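Below, each chain spelled out in residue letters.
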Amino acid sequence: MSALLDVKDLRVGFRQDGKLTEAVRGVSFSVERGETVALVGESGSGKSVSALSTVSLLGDSAEVSGSVTYDGQQMIGADEKLLRKVRGNDISFIFQEPMTSLNPLHTIEKQLGESIALHQGLTGDAARARIIELLEQVGIQDAATRVTSYPHQLSGGQRQRVMIAMALANEPDVLIADEPTTALDVTIQAQILDLLKDLKDRMGMGLLFITHDLGVVRRIADRVCVMQNGEIVETGPTAEIFDAPKHPYTIKLLSAEPSGAPAPLPGDAKPVARTEHLKVWFPIQAGLLRRTVGYVKAVNDASLSVRAGETIGIVGESGSGKTTLALALMRLISSEGEITFMGDDVRKWSTRQLRSLRKDMQIVFQDPFGSLSPRMTCAQIISEGLGIHRVDPDRAPRDLVRDVMIEVGLDPETMDRYPHEFSGGQRQRIAIARAMVLRPRLLVLDEPTSALDMTVQVQIVDLLRKLQEKYGLAYIFISHDLKVVRAMSHHVMVMKRGDVIEQGPVEQIFDAPRDEYTRTLLQAAT
């Protein structure tokens, strides 16, 4: 009896300027009904290309050979009529970033309704009833009122649930989930994984799960296929792969987990930044006169202090106020309460006065591609701040760029390349170099490793710890990855809906949490 989805000797290359670049080389795997198969590996290993090949979703430049059969039907070279029937109906996809997969101009009802009308012929009240049923099935509360919402009005977890509802609308036989939990908080991630497992068991689907997060794989998969450079280097039952890996690359992946701790804090470390009773409320305005009718209470009464060489880790779900707190501390948004930087009360400083401090407070963002201008070279990106702040004016900017690139582990010979010519880890190193070239005192790191592969995460954590020890940097480290937070932090602050639930030394928070919410976060991360 053949598998529900059977891939044999799949080869995919992309032709550009007459040159063929191989992305997938001789890949074979199968997915049975009711089974979860995980494709794991680093970015560029060929995971997503293999999945998209199953229903011919690659562009015209792709050259595909081998065999892909769904329920005995050959998909490679199939006519467009068959492919249209299978896509979204028999084989459905959930993609990594729901905000880019959902149309921002259409309501949830309209976007779900398109698929239902196309494949089931339902319209009007019948379609609306089916949409509400689907949203309830994936755990959207108040589904009847949520159907008129737009994507930006939903949280990250809710948007991902909508994507799952769209994928399940026509009760597919095979569900392909491509990094569906990477950008989600640990508690939301746990909910989505439990939901997928429950739906798979209830509907008898085959699930192909693509990820670089091995913790997720261990939790959800029956079998694992490890990919490297377009090839499957090892495959087997999940327990076998995790307990007795054979291939060196699998062993490397399994050992790629942030560990250790930052350098101990010197006893005479001086305060760099401090807040007392910080509050950030955003007014809600309504009516013709735009009167304030309420407030979004982003941060309530938050106090923290960070010293030279110290890392304060801030954890909590999306919307808890982590980033808002950091931006208020840097005086990038308005707030109430005391803010002290390098001993100065900067609450009432003007924009002109703050300009002198800007080089001392820098930020590294989550998405290393989105935060770099695609029209600027690496050298231009890193040196941009040097044109505003006079750092070592006796030296040429390119010399300073060269030095900082070497310091963060980049080849200075690549300084004239553009961001798209670098890997994700290299782009994040460029973002760190852009901040470090100004020799700041405080560095805010906002989810700097969440979009990176596990092996690259370890490298970035090691780099940040070395830079901190060398220069006595103060870090505010924002993340939902608790393993990374533990490896980076001296002190941890836990936030929920704008409130600081608890804070203390990293050992206390992780080994003896006092609050139930903290215990829930830690449990969801295991």
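So, a few notes on the structure that sits alongside this text. Quantities reported herein were computed from a predicted structural model and do not represent experimental measurements.

### Some details on helix 12 (residues 322–329)
Line of reasoning, step 1. Of all eight residues in helix 12, six are buried; the element is thus mostly enclosed.
Line of reasoning, step 2. Downstream of helix 12 by a residue or two, Arg331 has a phi angle that is positive, lying close to 60°.

### Comments concerning the pairing of strand 3 (residues 36–40)
Line of reasoning, step 1. The element strand 3 is extensively covered by neighbouring structure, given that five of its five residues are classed as buried.
Line of reasoning, step 2. Burial along strand 3 is two-sided: the face carrying Thr36, Ala38 and Val40 and the face carrying Val37 and Leu39 are both buried.
Line of reasoning, step 3. With four bridges joining them, strand 3 and strand 9 (residues 223–228) adopt parallel strand pairing. Paired with Val37 across the two strands is Arg223, which belongs to strand 9.

### A short note on unusual backbone geometry
Line of reasoning, step 1. With a phi close to 55°, Asp142 is a non-glycine residue in the positive phi region.
Line of reasoning, step 2. The residue Asp142 is located in the loop between helix 5 (124–137) and helix 6 (143–146) in this model.
Line of reasoning, step 3. The backbone phi angle of Asp301 is positive, close to 50°, even though this residue is not glycine.
Line of reasoning, step 4. Positionally, Asp301 belongs in strand 12 (residues 291–307).
Line of reasoning, step 5. A relative accessible area of 48% means that Asp301 is categorised as partly exposed.

### Details of the packing of helix 4 (residues 108–120) against helix 5
A packed helix pair is summarised by two numbers, namely the angle formed by the two axes and the spacing between the axes.
Line of reasoning, step 1. Interhelical geometry of helix 4 versus helix 5 gives an angle of 115° and a closest axis separation of 10 Å. With respect to each other, helix 4 and helix 5 are oriented roughly perpendicular. As helix 4 packs across helix 5, the resulting crossing turns out to be right-handed. On the side of helix 4, the interface is formed by Ile108, Glu109, Leu112, Gly113, Ile116 and Gln120, while helix 5 contributes Ala127, Arg128, Arg130, Ile131, Leu134 and Leu135.
Line of reasoning, step 2. Taken together, the residues of the contact of helix 4 with helix 5 sort by class into seven nonpolar, two polar and three charged.

### Concerning the side chain of Asp360
Line of reasoning, step 1. Position of Asp360 relative to the elements: it lies in the loop between helix 13 (351–355) and strand 16 (361–364).
Line of reasoning, step 2. Those residues within four positions of Asp360 in sequence are excluded, and the remaining contacts are Phe341, Arg439, Pro440, Arg441 and Leu442.

Quick notes on the rules
- Residues numbered from 1 in each chain as written.
- Predicted model: local features only at pLDDT ≥ 70, side-chain atom pairs only at ≥ 80, totals over all residues.
- Heavy atoms only, no water.
- Buried < 20%, exposed > 50% of the residue type's maximum accessible area, 1.4 Å probe, protein only.
- Helix = DSSP H or I, 4+ residues; strand = E, 2+ residues; numbered from the N terminus.
- Pairing = 2+ DSSP bridges.
- Axes fitted to C-alpha atoms, helices over the stretch in contact; angles between N-to-C directions.
- Parallel < 35°, antiparallel > 145°, perpendicular 65-115°, else oblique.
- Left-handed = near helix turned anticlockwise from the far one by under 90°.
- Contact = heavy atoms within 4.5 Å.
- Nonpolar A, V, L, I, M, F, W, Y, C, P; charged D, E, K, R; others polar.

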